[in-house]
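# Summary of the model geometry
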Amino acid sequence: MNSIRLTTAQALVRFLNAQYVEFDGKQERFIKGIFTIFGHGNVVGLGQALEENPGDLEVYQGRNEQGMANAAMAFAKQKHRKQIMACTSSVGPGAANMVTSAATATANNIPVLLLPGDVFATRQPDPVLQQIEQTHNLSISTNDAFRAVSKYWDRVSRPEQLMSAMLNAMRVLTNPADTGAVTIGLPQDVQGEAWNFPVSFFEKRVHRIERRQPSLESIKDAVKLIQSKKKPLLILGGGVRYSEAADALVEFSERFNIPFGETQAGKSAVESSHPLNLGGVGVTGNLAANQIAKDADLIIGVGTRFTDFTTGSKHLFAEADVLTINISEFHAAKLDAVKVVADAKVGLNAISEELGPYKTAYESEITDAKQAWQRELNRLYEIKYGEGFKPEIAGQLDDKLPEYVEVFGSQLTQTSVLGFVNHLVDDHAIVVGAAGSLPGDLQRMWVSKTRNTYHMEYGYSCMGYEIAGALGVKLAEPEREVYAMTGDGSYLMLHTELVTSLQEGKKINVVLFDNSGFGCINNLQMGNGMGSFGTEFRKRNPETGKMDGNIMTIDFAKVAEGYGVKTYSVRTLEELKAALVDAKNQTVSTLIDIKVLPKTMSDGYDSWWNVGVAEVSEKESIQQAFEDKKINLDKARTY
Ligand SMILES: Cc1ncc(C[n+]2csc(CCOP(=O)(O)OP(=O)(O)O)c2C)c(N)n1
Ligand SMILES: O=C1C[C@@H](O)[C@H](O)[C@@H](O)C1=O
Ligand SMILES: [Mg+2]
């Protein structure tokens, strides 16, 4: 056997360099690079290997392990899972910081390779700095926390285990039906230990991303079901984007006159302007898609996980039959569906071939719904604060709005700002989001002018993904302008990969909607009978002892300026226009600090979201909220 003597870490780097994927006959290197934050748990092992010979791996330096791993996820998501990044952290807290990202990637079915350092395999120096020491089980380390949130988990306790660990890692990372975070714990001593690795382990490997074919029987079932229905609605999920199935979906939809609604992950697979594209569907959906969904007699979910936001907690199309086309057996089986377990493109084409002259019974409903939504959208764009103002989320903080106007020195409404941004950015620019009220506004209101320009992490809705995600997207698409759409809460939670964007000269634009609070959660609590409690950013009031004092204001522009970001403070639409135009011309990252009034985001459209309202309370408004919940629950599917 030909062998080569390398440390475990050197072998790992060499192996990563030799991995390729093939999709539709096209080959591409699979692992573009590696994000690093070095500490004692990885610097002299994997760090040494990367310094000596990184091969073609691009080495990046993160600011926070969660941030860098979120950037890695965003990179892979924007690349439609055809290329990924790895991330190496030190042991203990550095590793633990990546657990949230592992969960985010796994929830979204996006491949990332996480390589946390681990405690000594020999245990000689135990307890090492940052070792937890579970007294009931010494084999447990921080890295065991990744087990719950990884699609594949392993620990390389001897150099030769690297081979089976990495082959399994690649199996999962390139499996479109079941990908997500892959975590390989690397004990710090083992990283530096040498072994005679067989040369064959390092040969170029091409992992084919297969288009799974449907069974003939499942296609027959699907055809029979569709033929028995008059008003089907397609739901376009993220799987359509990852399968590059947009053209197939458009052809299918046009041929049979079936409209489609978009999920957060699927949005922008097809331009919003397509006459059959109804836009976002579900809890954060728009009027058009939700109306058509309500009346549909068949839902055809293509590449969707059917989260509660898509199904309106199974209340939105509760009576309709469901057909799924999904590469994952697990997701295909949801909602008791008739299922076609297949790649989205292949599945749609196979049904299309067999469906013959079928046409739906839609007359003017689709255009009527789209027109009604366009009128509503125009109204949302135009909302201005003024005399007798009633916010979209009315009856909750109405009397507090003048205080916000005064403190912010701004009367801007969120929906008008969003409309403005949508009009002013390039058609090919990419918007990135994740949490807060913006994902709802964006799914409803954002007009995707060209394909793959909407990037939303709404599987885990992880606050702080926005800025790190924008960096990952920029690394994936360096030629395009990228806009992180973030609330103040998300920004404060995690934004430091903004500094990495400066370091790398990868310009991103942060559009910061500051309403001084966890706005959407304030809406949620007050909409379910509570008061405003712990969600506005107000100072602790010495008189009441509660956080109901003055509104906090933060000069986000000033803070970011200190990083070296080009910043803008915006209080009017004129200032916003000037900022957006100028930001486009900048070469460094930019941040636009926009003070927007709370309660001026868009509200729901004919949808319901099941949340855990209290069954017992002294407050009448809570009792009412619980009664309302029961009524809605009665109308929803039970599973
Ligand atoms: C990491 C994380 N923690 C908590 C939450 C729950 N959560 C969702 S939105 C939100 C508040 C978001 O505030 P902000 O970013 O200011 O957006 P706004 O709703 O005000 O527009 C919170 C706390 C979350 N999604 N992610
Ligand atoms: O709890 C949540 C409520 C949603 O409105 C929000 O978009 C999301 O980020 C979340 O976590
Ligand atoms: Mg906020």
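Presented here is a report on the structure given in the accompanying data block. Nothing here was measured: the structure is a model prediction, and the numbers come from that model.

Take the sheet that holds strand E21 (residues 509-514) next. Pairing is parallel across the open sheet formed by six strands, whose spatial order is E19-E18-E20-E21-E23-E22. Looking at the sheet topology across the chains shown, the edges are occupied by strand E19 (454-456) and strand E22 (566-570). Within the sheet, the average angular offset between the axes of one strand and its neighbour, ignoring direction, is 15°. Sheet topology note: the strand E18 (residues 430-433)/E19 ladder contains three bridges and is parallel. From the neighbouring strand, valine 432 faces E19, where its bridge partner is histidine 455. Of the strands in this sheet, strand E20 (482-487), E21 and strand E23 (590-595) touch helix H17 (residues 414-424), which is tilted by about 165° from E21. Lying over the sheet, helix H24 (residues 573-585) contacts E20, E21, E22 and E23, oriented at roughly 170° with respect to E22.

Another point: the packing of aromatic side chains. Under the counting rule described, the total for this entry stands at 16 aromatic pairs. Between phenylalanine 15 and phenylalanine 201, the ring centres sit 4.6 Å apart and the planes meet at 15°, which makes this aromatic pair stacked. One end of the pair, phenylalanine 15, is in helix H1 (residues 8-17); the other, phenylalanine 201, is in the loop between strand E10 (194-198) and strand E11 (205-208), and 186 residues separate them in sequence. Relative to phenylalanine 556, the ring of tyrosine 491 has its centre 5.5 Å away and its plane inclined at 90°; by these criteria the two rings are edge-to-face. Separated by 65 residues along the polypeptide, tyrosine 491 in helix H20 (residues 488-493) and phenylalanine 556 in helix H23 (residues 556-563) bring together distant segments of the chain. Within the aromatic cluster, the residues linked to one another by ring pairs are Phe15, Trp195, Phe197, Phe201 and Phe202. Of note, arginine 14 hangs over the ring of phenylalanine 202, and the distance from its end group to the ring centre comes to 5.6 Å. The lysine or arginine in question, lysine 204, covers the ring of tyrosine 20, its NZ or CZ lying 4.4 Å from the ring centre.

Here the focus is helix H8 (residues 216-227). Here H8 spans 17 Å end to end across 12 residues, near enough to the 16 Å set by a 1.5 Å rise per residue. Taken together, the buried positions of H8 are Ser218, Ile219, Ala222, Val223, Leu225 and Ile226. Mapping the buried residues of H8 onto a view down its axis gives an arc of 165°, with all of them on the same face. Turned more than 90 degrees off the buried face of H8, the exposed positions are Leu216, Glu217, Lys220 and Lys224. For H8, the elements touching its buried residues are helix H10 (246-256), strand E15 (298-302), strand E16 (321-326), strand E17 (338-341) and helix H14 (344-355).

About the criteria used
Residues numbered from 1 in each chain as written. Chains lettered and ligands numbered in written order. Predicted model: local features only at pLDDT ≥ 70, side-chain atom pairs only at ≥ 80, totals over all residues. Heavy atoms only, no water. Pairing = 2+ DSSP bridges. Helix = DSSP H or I, 4+ residues; strand = E, 2+ residues; numbered from the N terminus. Axes fitted to C-alpha atoms, helices over the stretch in contact; angles between N-to-C directions. Contact = heavy atoms within 4.5 Å. Phe/Tyr/Trp six-rings, centres within 6.5 Å; stacked < 30°, edge-to-face > 60°. Lys NZ or Arg CZ within 6 Å of the ring centre and 35° of its normal. Expected span 1.5 Å × (residues − 1). Buried < 20%, exposed > 50% of the residue type's maximum accessible area, 1.4 Å probe, protein only. Arc of directions from axis to C-beta.

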